[in-house]
Amino acid sequence: MAFIRLIAALIGFVFGFFLGASLLQVTQVTPVSNQVLVVLLLAAACAILGWLGAPYVTVKPAGFIVARIRAAQAGDLLGGALSFLPGELGRYAPIIGAVILGLVGAAAGTIKRNDLASFVQEVRGRGRERASEARLLLDTSVIIDGRIADVVRSGFVRGTLIVPRFVLAELQYFADSSDSSRRERGRRGLEMLAKMQKEATVKVELSEDDPAGAGADGKLVTLARTLGVPIATNDYGLNRVAELQGITVLNMNDLAKAVRPVVLPGEEITVRVIQEGKEQGQGVGYLEDGTMVVIENGARHLSGELTVSVMRVLQTVGGRMIFAQPKGELAEPRRPRAIDR
């Protein structure tokens, strides 16, 4: 900017000098000293005007023109340029140019259709790769639980499910146990893994990594921190340890609580009464999500399904409890007490 101002001031000084000399020829300024003073003052004034006015005739107009060019589309610029051609040529040149360019584009698309199809497939493939980059580390408890397989089948979990070899070994140990309960849990876990391997939305990856750590939980935490992936678990202890070390944990129990249906007082639900409650005449049943339902005067409906009306919902440390009464009956108000689950 300073250089432009200097050039403008120099041009202004020269212009003012010659302007002053020309004015002296038509005026009667004497003596010579006054003539020199007039010329110098006029040259200095033009130099100052050149210095001050340079940005307004150079940089600012240029910036405005550049901004308009950037905002305009290429087609508008080309059409505008063609429209300045002389005569009838300037009137029809933009239309002819548009037709020619359209034909050229159609021809290029036809000739290169295979390359264009490959490009589109590559872009879609990259999108799928980004979607499949998500990885999740599974522990023994969440595999045995089995709900992760249902979530995978629903499509809410995608990407790669990582199953370490030591987790698989633990499942195999349970499946071969002499204890019937452990054996059943181990076999269920192996069945859930086989089921998830058949799903198209996920890839089950067996990891050979065997990091240092105290037991399977310690190894899982170390592996999750090394790989930078979250852990899916139902184990409360593992959940807490992993969170304390800054590892993201996906707990299936938390997911189940988040998606369980909301029950409000006055609503009617159907529940099977499976046992008697602590208070006389009470019956106890459970919803599909494991929520306990305490039914006043429900003991006489033991082992049968019953439509009940919700009276109140109580949130406890162990979970949610619903107090209800048989539909159409009035139960005596009773202070809720904790029920062993």
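Refer to the structure above for everything that follows.
These notes cover the structure that comes with them. (Residues numbered from 1 in each chain as written. Predicted model: local features only at pLDDT ≥ 70, side-chain atom pairs only at ≥ 80, totals over all residues. Heavy atoms only, no water.)

1. Quick notes on the overall build of the chain
Scanning the chain for helices and strands turns up 13 helices and 10 strands. For the chain, buried positions account for 30% of its 341 residues. A fraction of 58% describes how many contacts in the chain between residues 6 or more apart in sequence connect residues 24 or more apart. Accessible surface, the chain: about 22000 Å² in total, of which carbon and sulfur atoms supply 60%. (Helix = DSSP H or I, 4+ residues; strand = E, 2+ residues; numbered from the N terminus. Buried < 20%, exposed > 50% of the residue type's maximum accessible area, 1.4 Å probe, protein only. Contact = heavy atoms within 4.5 Å. Areas by Shrake-Rupley, 256 points an atom, 1.4 Å probe, with all protein chains shown as cover.)

2. Quick notes on the nonpolar core
Formed by 35 residues in total, the largest nonpolar core has its most connected members in Leu 137, Leu 138, Ile 143, Leu 161 and Met 196. Look past the residues within four positions of Ile 143 in its chain and what remains in contact with it is Leu 138, Val 163, Val 167, Leu 171, Gly 189, Met 192 and Leu 193. Counting 12 residues, the second-largest nonpolar core is a separate cluster that includes Ile 269, Val 271, Val 308 and Ala 324. (Core = buried A, V, L, I, M, F, W, Y, C linked by side-chain atoms within 4.5 Å.)

3. A look at the pairing of strand β1 (residues 135-138)
Sheet topology places β1 next to strand β2 (residues 159-164); three bridges connect them, and they run parallel. Its bridge partner being in β2, Leu 136 is matched across the sheet by Leu 161. As judged from the two bridges shared by β1 and strand β4 (residues 231-233), these two strands associate in the parallel manner. When the sheet's bridge partners are listed, Leu 137 is paired in β4 with Ile 231. (Pairing = 2+ DSSP bridges.)

4. Regarding the packing of helix α11 (residues 215-227) against helix α12 (residues 236-244)
One can describe the packing of α11 onto α12 by two numbers: an axis separation of 10 Å at closest approach and a directional angle of 35 degrees. The way α11 lies across α12 gives a crossing that is right-handed. In contact with Asp 217, Leu 220 and Val 221 of α11, α12 contributes Leu 238, Val 241 and Ala 242. Split by residue class, the contact of α11 with α12 holds five nonpolar, no polar and one charged. (Axes fitted to C-alpha atoms, helices over the stretch in contact; angles between N-to-C directions. Left-handed = near helix turned anticlockwise from the far one by under 90°. Nonpolar A, V, L, I, M, F, W, Y, C, P; charged D, E, K, R; others polar.)

5. Describing the sheet that holds strand β9 (residues 305-316)
Spatially, five strands are ordered β6-β7-β8-β10-β9 in a closed barrel, and the strand pairing comes out mixed. Strand-to-strand twist of the sheet, defined as the mean angle between neighbouring strand axes without regard to direction, takes the value 50 degrees. Here eight bridges tie β9 to strand β10 (residues 319-326), and the two strands are oriented antiparallel to one another. Residue pairing in the sheet places Leu 314 in a bridge with Met 321 of β10.

6. Details of the environment of Arg 185
If you trace the backbone, Arg 185 turns up in helix α10 (residues 180-197). Arg 185 gets classed as partly exposed once you look at its relative accessible area, which sits at 38%. Distance in space between the C-alpha atoms of Arg 185 and Ser 141 is 9.5 Å, their sequence separation being 44 residues.

7. What to know about the packing of helix α9 (residues 165-175) against α10
Packed helices, taken two at a time, are described by their axes: the angle between them and the distance between them. At their nearest, the axes of α9 and α10 sit 6 Å apart, and the two run at 135 degrees to each other. Classified by the angle their axes make, α9 and α10 are oblique. For the element pair α9 and α10, the recorded crossing hand is left-handed. Facing Leu 168, Leu 171, Gln 172, Tyr 173, Phe 174 and Ala 175 of α9, the residues of α10 in contact are Arg 182, Arg 183, Gly 186, Arg 187, Gly 189, Leu 190 and Leu 193. Taken together, the residues of the contact of α9 with α10 sort by class into seven nonpolar, three polar and three charged. (Parallel < 35°, antiparallel > 145°, perpendicular 65-115°, else oblique.)

8. Details of a nonpolar patch on the surface
Nonpolar side chains collect at one region of the surface, where Leu 10, Phe 13, Val 14, Phe 17, Phe 18, Val 36 and Leu 40 lie side by side and expose about 640 Å² of accessible area between them. Looking at the nonpolar patch, the element that brings in the most residues is helix α1 (residues 2-24), giving five residues. Position of Phe 17 relative to the elements: it lies in helix α1. (Patch = residues over 30% accessible without salt bridge, like charges linked within 9 Å, V, L, I, M, F, W, Y side chains within 5 Å. Salt bridge = Lys/Arg side-chain N within 4 Å of Asp/Glu carboxyl O.)

9. A few points about the packing of aromatic side chains
Within this structure, the stated rule accounts for one aromatic pair. A centroid spacing of 6.1 Å and a plane angle of 50 degrees characterise the contact between Tyr 173 and Phe 174, whose relative ring orientation is tilted. Its relative accessible area of 11% is what places Phe 174 among the buried residues. The ring of Phe 166 carries the charged tip of Lys 219 above its face, separated from the ring centre by 5.6 Å. (Phe/Tyr/Trp six-rings, centres within 6.5 Å; stacked < 30°, edge-to-face > 60°. Lys NZ or Arg CZ within 6 Å of the ring centre and 35° of its normal.)

10. As for unusual backbone geometry
Unusually for a residue other than glycine, Asn 297 sits at a positive phi of about 60 degrees. Assignment of secondary structure puts Asn 297 in the loop between β8 (292-295) and β9. The phi angle at Ser 303 is positive, at roughly 70 degrees, despite the residue not being glycine. Tracing the chain through its elements places Ser 303 in the loop between β8 and β9. Under the relative-accessibility criterion, Ser 303 is labelled exposed at 56%.

11. Some words on the sheet that holds strand β3 (residues 202-207)
If you trace the five strands from one edge of the open sheet to the other, you get β3-β2-β1-β4-β5, paired in parallel fashion. What marks the edges here is a single partner per strand, and that holds for β3 and β5 (249-251). Put simply, the sheet's adjacent strands are angled 30 degrees from each other on average, direction ignored. Taken strand by strand, α10 contacts β1, β2 and β3, and its axis lies near 130 degrees from that of β3.

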